[in-house]
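# Fold and geometry: a report
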Amino acid sequence: MMSRPSTTAILRTGTAGVLLVACAAWVIQARGSQPASGADTPSVSYEFSFPEPEHRWMQVAVTFTELPSEPLSLRMSSASPGRYARHDFAKNVFEVQAATLAGNGLEPSRSGVARWDVDGHDGTVEVTYRVYGDRVDGTYLAIDDTHAHVNMPAALLWGAGLEARPATVRFVPPSGKPWRVATQLYPSSDPLTFTAPNLSYLLDSPVEFSAFADRSFTVPDPADASYTPTFRVAVHHTGSTAALERYTLAIERIVREMVMVFGEFPRFETGRYTFIADYLPSASTDAMEHRNSTVLSSPTSLDGQLERALGSASHEFFHVWNVERIRPRSLEPFDFERVNPSDELWLAEGFTNYYGALILHRAGLVSTADTMDRFLSAIETVLTGPARTFRSAVDMSRLAPFTDAATAIDRTNWDNLFISYYVWGEALGLGLDLQLRARAADGDGPAVTLDDYMRLLWERFGRPGGDIPGLVPQPYAQADARMALADLTGDPTFADEFFDRFVEGHDAIDYAPLFARAGFDLAPRTPGAGWIGAAQFRFGREGAQLVAPAPFGSPLYDAGLAQDDVLVAIDDRPLSSAGQLDQAVGTRQAGERLRVTYARRGELQTTQVTLAADPRLTVVAQERQGEPLTPAQRQFRADWLDSRLPHMP
Ligand SMILES: [Zn+2]
């Protein structure tokens, strides 16, 4: 999925110049195939109907046949693929009823928080229930009179022990609604009936059921001329058709550019990959990867924020390889009943974040300056984040169940204890890519880049595939990622140093000399200027209140200033605006001492703050400072940032 903005992980949203190609042929292709397994196993049949969509609930009927004699144990998921925190979907389920297919009533007993048991059946059970949902994103269920946006774990009761059975899903639109279905589920001859080869694939298959705008294009596989997957772009939105066309063209450009990293597409199980997008005022900002589809959602119209929407699409499409097929062992097989903690999200999400941004540049969709600012933001977060003292990038990955859309009612100290694995991992991907390129340029290593590393992971763990659709038979462990780097570079010492220091340790990569190779100057933003720490304040008439814990090790922290304190004055000058604070601090030099008057629980006190040097950085292209690039810098930059497509400039 995409990282959500947090105080430690705010990526700059620049005013990216969006360039678009004007060459695409729309080919709408209905391609399907039958599930590869389950021919001899009875299917579980679901029917979704929407008698009162305006009231935001869905009616579900599930039919089980050929059941073993023991009680049928129905489960509701509490984890959703790609979302790393626990989500108790059972809370929205009501009116659970059961009967045999002969019509004999059965009494489901609620034997757990997300579990109903049905005893006394005759080998057949029809379960009916309603489920409420009003959140449009990549995890939950949303129903209203314009659509049903279904993430399956939030909607489906399923039978424990029956996970290998194929499933059939039939959609019944509300009366008079000409709704269609966008999904990665396998199509059938009936446009409203779909199948899944097993429960895992079914739960991984989001659905948009509405009168969405429907676009498709095809892209031939670069390695196999006989393979041309279809890409469907299904957009439920309130924006203009012109914006939709620009969006679709840009997505095609992203797809064409991204496949060049790996050299080939995966074998999409139905021959098709689907972008399901909801850009609606009622939607929440989110993006979620799945095996052969993604869900993209935002309350902002495509007319308003195209480049941001493309950033999400780019990130999620990289997941087609990295996570969906090059998959950490910690996430495979995915356990739908509990959280799936993972050590490897710095690679699974972080490297994906890096490529999400890099491919937008290679595809000509975002300017070089905006791309460098984006990378700078990640670097700064890692360099200045106090949490790096306490935890490694691997440790941060393990915190996902607490930070990925998780909720807590007690106060937390994430600004000090957490750096997003999206951002740290992006900085690691960037640093590793530049290190590999610099070593190659110096003749200190083979001519390989991060693209080659991703390709090697693809060849070892992704491409082999397996017989069961949706499952990954050869997931990787952290040690495999280390070994792949050693094999790629032929230099186990280099690989060990990278993993020991930067991934599993607490060191930060030295980016400035690496950026210089590409002709970018990475330097202090305000050399020598004073700094009190990256604290969060709320300004009011009384002063500047610290609304989050003071950053560990910052001048504020060392002076004893803490959350809830109100800084009233610095050297007797009042502080009622951010401008006044900047003036009081930024005009002074590192090492100078400030007298701070503050209120704690209403009582005025004073303390001395010794200013540190402002650690924030800036990145500027060398040629913009009047210093022309050397041929080596020009080459380095082009190899790194330019399109891989033969016909691109
Ligand atoms: Zn992601």
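To keep things clear, this report deals only with the structure shown in the data block. It should be emphasised that the depicted structure is a prediction, and the values quoted were computed from it without experimental measurement. (Residues numbered from 1 in each chain as written. Predicted model: local features only at pLDDT ≥ 70, side-chain atom pairs only at ≥ 80, totals over all residues. Heavy atoms only, no water.)

## Thoughts on the packing of aromatic side chains
Counted by the stated rule, this structure contains 46 aromatic pairs. Centre to centre, the rings of Phe265 and Phe268 are 6.2 Å apart; their planes meet at 45 degrees, and the pair counts as tilted. The burial state of Phe265 is the same as that of Phe268; both residues are buried. The side chain of Arg130 reaches across the aromatic face of Trp57, ending 4.2 Å from its centre. The ring of Phe520 carries the charged tip of Arg637 above its face, separated from the ring centre by 4.1 Å. (Phe/Tyr/Trp six-rings, centres within 6.5 Å; stacked < 30°, edge-to-face > 60°. Buried < 20%, exposed > 50% of the residue type's maximum accessible area, 1.4 Å probe, protein only. Lys NZ or Arg CZ within 6 Å of the ring centre and 35° of its normal.)

## Some thoughts on the nonpolar core
A general tendency of soluble globular proteins is for nonpolar side chains to be buried together. Tyr247, Tyr453, Phe515 and Trp640 are the most contacted members of the largest nonpolar core, which has 113 residues in total. Each of two domains, domain 1 (17-310) and domain 2 (370-520 + 628-641), supplies a minimum of three residues to this core. Setting aside anything within four residues of it in sequence, one finds Trp640 in contact with Tyr354, Leu358, Arg362, Met372, Phe375, Leu430, Asp433, Leu434, Arg437, Ala518 and Phe520. If you look at the next biggest cluster of nonpolar residues, it comprises 55 residues, including Val44, Met76, Met152 and Leu199. (Core = buried A, V, L, I, M, F, W, Y, C linked by side-chain atoms within 4.5 Å. Domains from an automatic or database assignment. Contact = heavy atoms within 4.5 Å.)

## Quick word on helix H16 (residues 631-641)
Because each turn of an α-helix spans 3.6 residues, side chains separated by three or four positions end up pointing in the same direction. Along H16, the positions that sit buried rather than exposed are Gln633, Phe636, Arg637, Trp640 and Leu641. Here the buried residues of H16 occupy an arc of 100 degrees about the axis, which is enough to place them on one side. Pointing more than 90 degrees away from the buried face of H16 are the exposed residues Pro631, Ala632 and Arg634. Close packing links the buried residues of H16 with helix H4 (345-362), helix H5 (368-384), helix H9 (421-442), helix H13 (511-517), strand E22 (520-524) and strand E31 (617-621). (Helix = DSSP H or I, 4+ residues; strand = E, 2+ residues; numbered from the N terminus. Arc of directions from axis to C-beta.)

## Regarding the environment of Val382
One can find Val382 in helix H5. Judged by its relative accessible area of 3%, Val382 is buried. In this structure, the C-alpha to C-alpha distance between Val382 and Ile419, residues 37 residues apart in sequence, is 7.2 Å. Among all residues touching Val382, those that are not within four sequence positions of it are Arg388, Ile419, Val423, Trp424, Ala427 and Ala508.

## Description of the environment of Ser45
Tracing the backbone through its elements, the reader meets Ser45 in strand E1 (residues 44-49). Along the chain, Ser45 and Pro229 lie 184 residues apart, while their C-alpha atoms are 28 Å from each other. Beyond its immediate sequence surroundings of up to four residues, Ser45 is in contact with Ala61, Val62, Thr63 and Thr168.

## Some points on the sheet that holds strand E16 (residues 207-210)
Ordered in space as E9-E10-E16-E13, the four strands form an open sheet in which the pairing is antiparallel. Edge strands, defined here as strands with exactly one partner in the open sheet, are strand E9 (141-144) and strand E13 (180-183). Adjacent strand axes in the sheet meet at a mean angle of 10 degrees when their direction is disregarded. Relative to strand E10 (residues 147-150), E9 runs antiparallel, the two being bridged by four bridges. The residue bridging Ile143 from the neighbouring strand is Ala148, located in E10. (Pairing = 2+ DSSP bridges. Axes fitted to C-alpha atoms, helices over the stretch in contact; angles between N-to-C directions.)

## Focus: H9
The first and last C-alpha atoms of H9 sit 31 Å apart over 22 residues, in line with the 32 Å expected at 1.5 Å per residue. With a side-chain oxygen positioned 3.0 Å from the backbone nitrogen of Tyr422, the residue opening H9 is Ser420. Once H9 finishes, Gly443 follows within two positions and takes phi at roughly 75 degrees, a positive value. (Expected span 1.5 Å × (residues − 1). Polar contact = N/O pair within 3.5 Å; in protein donor to acceptor, adjacent residues only side chain to side chain.)

## What about the side chain of Ser78?
With respect to the helices and strands, the residue Ser78 is situated in the loop between strand E3 (72-76) and strand E4 (93-99). A relative accessible area of 3% means that Ser78 is categorised as buried. Only 2.9 Å separates the side chain of Ser78 from the backbone oxygen of Glu337, close enough to count as a polar contact.

## Here we look at the sheet that holds strand E20 (residues 286-289)
One open sheet holds the five strands; their spatial order is E17-E18-E19-E21-E20, and the pairing between them is mixed. The sheet terminates laterally at strand E17 (213-218) and E20, the two strands that pair on one side only. Neighbour to neighbour, the strand axes of the sheet diverge by 10 degrees on average, direction disregarded. One ladder, built from eight bridges, connects strand E18 (residues 230-237) with strand E19 (residues 272-279); its direction is parallel.

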